[in-house]
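# Results of the structural survey
Residues per chain, in single letters:
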Amino acid sequence: MGRYQPLKIGNLYVENPVIQGGMGIGISLSSLAGAVAKEGGLGLISTAQIGFREPDFFKHPQEANLRAMESELAKARKIAPKGVIGFNIMVATKGYEEYVKKAVEIGADVIVSGAGLPVNLPEYTKGSQVKIAPIVSSPKSASVICKMWDRKYRRIPDFVVIEGPLAGGHLGFSREELTNFKADRKDTDQVYDRDGYDKEIVDILAVIEKFRNQYGCSIPVISAGGIFSKEDMAHHMALGVEGVQVGTRFVTTEECDAPDSYKNAYIQAEKEDIVIVKSPVGMPGRAIRNAFLEKIEKEQEKISRCFRCLEHCNPAAAPYCITMALIRAALGQTEDGLLFCGYNAFRCSRTEKVADVIADLCG
């Protein structure tokens, strides 16, 4: 047995309490998710434009995505027949209901859902065995989603993921909060500090505990955002969570679905290269500064077509197409694409194996 207790989500058993974060487009697909599940973690496949390599993607993106969900899950199952594997599905995705129902249909073990509150997730998964988890970023959002699911569906989350301000991609914080976050305890000139966020985690745990007591069952809580080392994991586990979610550290693994040029961009990044950006959908995010980001600061990119990927994107006003920017990065065009990352991307110094990452985190 490892350093930590296994993560139990209903009848699912995750030997090492590490969830690999869902990363789109094309970063966490079958290879990464399968490898993590094989090593006793929980692997997540991101559905964000998952079918971008399908031949009909540019004509029929949703159909291509739904088809790719099935093939990617099947490939991950071959890698880890006994592993726990699921999908990360953003609430902001157009056709969200169809993606959730597809995940249920093809036998996903879990669905993790953020980028908005998944208020109707229980309705779309009703009658299935799939385990569902909202991503929350504050005690208020945790309370709202639990109360809403309780009132509308007489159920609670199977587990909850708390995503903090050091995470990558789209984030549930204001730009000011993200800019002012004191990630390093030695920084004294910042106002939104790590100690304050630790208290947020404890407060969210208190919210979840009320529903645990009400229903008389377990609701594992997972902490995410900025967890890179075994020391980071130990710190979060000491706060009382049952597991952690890790994204950035897995990007530079041999098994990650990203191309080598993408992985090398992480390895070569310096601390000052990690910046907060504004997504075309209005949400702040975190990415690696490159020629693409410098270009769109000066001029709007011409958008030739809309993939209708996110609910709140207006192509006429968007500075660039986020689908194409992420696809270019996933195809290895790292200076001409959007490289989402977590705060700790600059700590990536080499290519690793998934098994070694999990052993290090849990060791």
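Since we're looking at a predicted model, the values are computed, not measured. (Residues numbered from 1 in each chain as written. Predicted model: local features only at pLDDT ≥ 70, side-chain atom pairs only at ≥ 80, totals over all residues. Heavy atoms only, no water.)

### Points about the overall build of the protein
Scanning the protein for helices and strands turns up 13 helices and 15 strands. A total of 363 residues make up the protein; the buried ones form 58% of that total. Pairs at least 24 residues apart make up 65% of the contacts formed inside the protein by residues separated by at least 6 positions. Accessible surface computed for the protein: about 15400 Å², of which carbon and sulfur atoms make up 48%. (Helix = DSSP H or I, 4+ residues; strand = E, 2+ residues; numbered from the N terminus. Buried < 20%, exposed > 50% of the residue type's maximum accessible area, 1.4 Å probe, protein only. Contact = heavy atoms within 4.5 Å. Areas by Shrake-Rupley, 256 points an atom, 1.4 Å probe, with all protein chains shown as cover.)

### Quick look at helix 1 (residues 30–38)
When you tally the buried positions in helix 1, you get seven out of nine residues, the bulk of the element. When we look at burial in helix 1, the residues that qualify are Ser 30, Leu 32, Ala 33, Gly 34, Ala 35, Val 36 and Ala 37. In the core, the buried residues of helix 1 are packed alongside strand 3 (18–20), strand 4 (42–46), helix 2 (61–79), strand 5 (84–88), helix 9 (248–251) and helix 13 (354–362). Phi turns positive, to about 90°, at Gly 40, one or two residues after helix 1.

### Brief notes about the packing of helix 1 against helix 2
Running from N to C, helix 1 and helix 2 point in directions that differ by 35°, and their axes come no closer than 8 Å. For the pair helix 1 and helix 2, the crossing hand works out as right-handed. On helix 2, the residues touching Ser 30, Ser 31, Gly 34, Ala 35 and Lys 38 of helix 1 are Glu 72, Lys 75, Ala 76 and Ile 79. Here the contact of helix 1 with helix 2 is built from residues that sort into three nonpolar, three polar and three charged. (Axes fitted to C-alpha atoms, helices over the stretch in contact; angles between N-to-C directions. Left-handed = near helix turned anticlockwise from the far one by under 90°. Nonpolar A, V, L, I, M, F, W, Y, C, P; charged D, E, K, R; others polar.)

### Notes on the nonpolar core
Where a protein is soluble and globular, its nonpolar side chains tend to be buried together. Judged by nonpolar contacts, the single largest core of 77 residues is most densely connected at Phe 87, Met 233 and Phe 250. Here this core gets seven residues from one element, more than from any other, and that element is helix 7 (residues 194–215). If you look at the next biggest cluster of nonpolar residues, it comprises 19 residues, including Ile 25, Val 275, Val 277 and Ala 330. (Core = buried A, V, L, I, M, F, W, Y, C linked by side-chain atoms within 4.5 Å.)

### Looking at unusual backbone geometry
Residue Ile 25 follows Gly 24 across a cis peptide bond; omega there is 0°. Among the structural elements, Ile 25 can be located in the loop between strand 3 and helix 1. A positive phi angle, near 45°, is found at Gln 49, a position not held by glycine. Overall, the relative accessible area of 7% leaves Gln 49 in the buried class. Its identity is not glycine, yet Ala 115 carries a phi of approximately 55°, on the positive side.

### Concerning the packing of aromatic side chains
When we look at a pair of aromatic rings, we describe it by the centre distance and by the angle of the planes. Counted under the stated rule, the structure contains four aromatic pairs. Between Tyr 96 and Tyr 124 the ring centres are 6.1 Å apart and the planes differ by 65°, which places this aromatic pair in the edge-to-face class. You can see Tyr 96 sitting in helix 3 (residues 96–105) and its partner Tyr 124 sitting in helix 4 (residues 121–124), a full 28 residues away along the chain. Its relative accessible area of 9% is what places Tyr 96 among the buried residues. Assessed through its relative accessible area of 15%, Tyr 124 is described here as buried. A centroid spacing of 5.8 Å and a plane angle of 90° characterise the contact between Tyr 343 and Phe 346, whose relative ring orientation is edge-to-face. For Tyr 343, a relative accessible area of 18% gives the class buried. (Phe/Tyr/Trp six-rings, centres within 6.5 Å; stacked < 30°, edge-to-face > 60°.)

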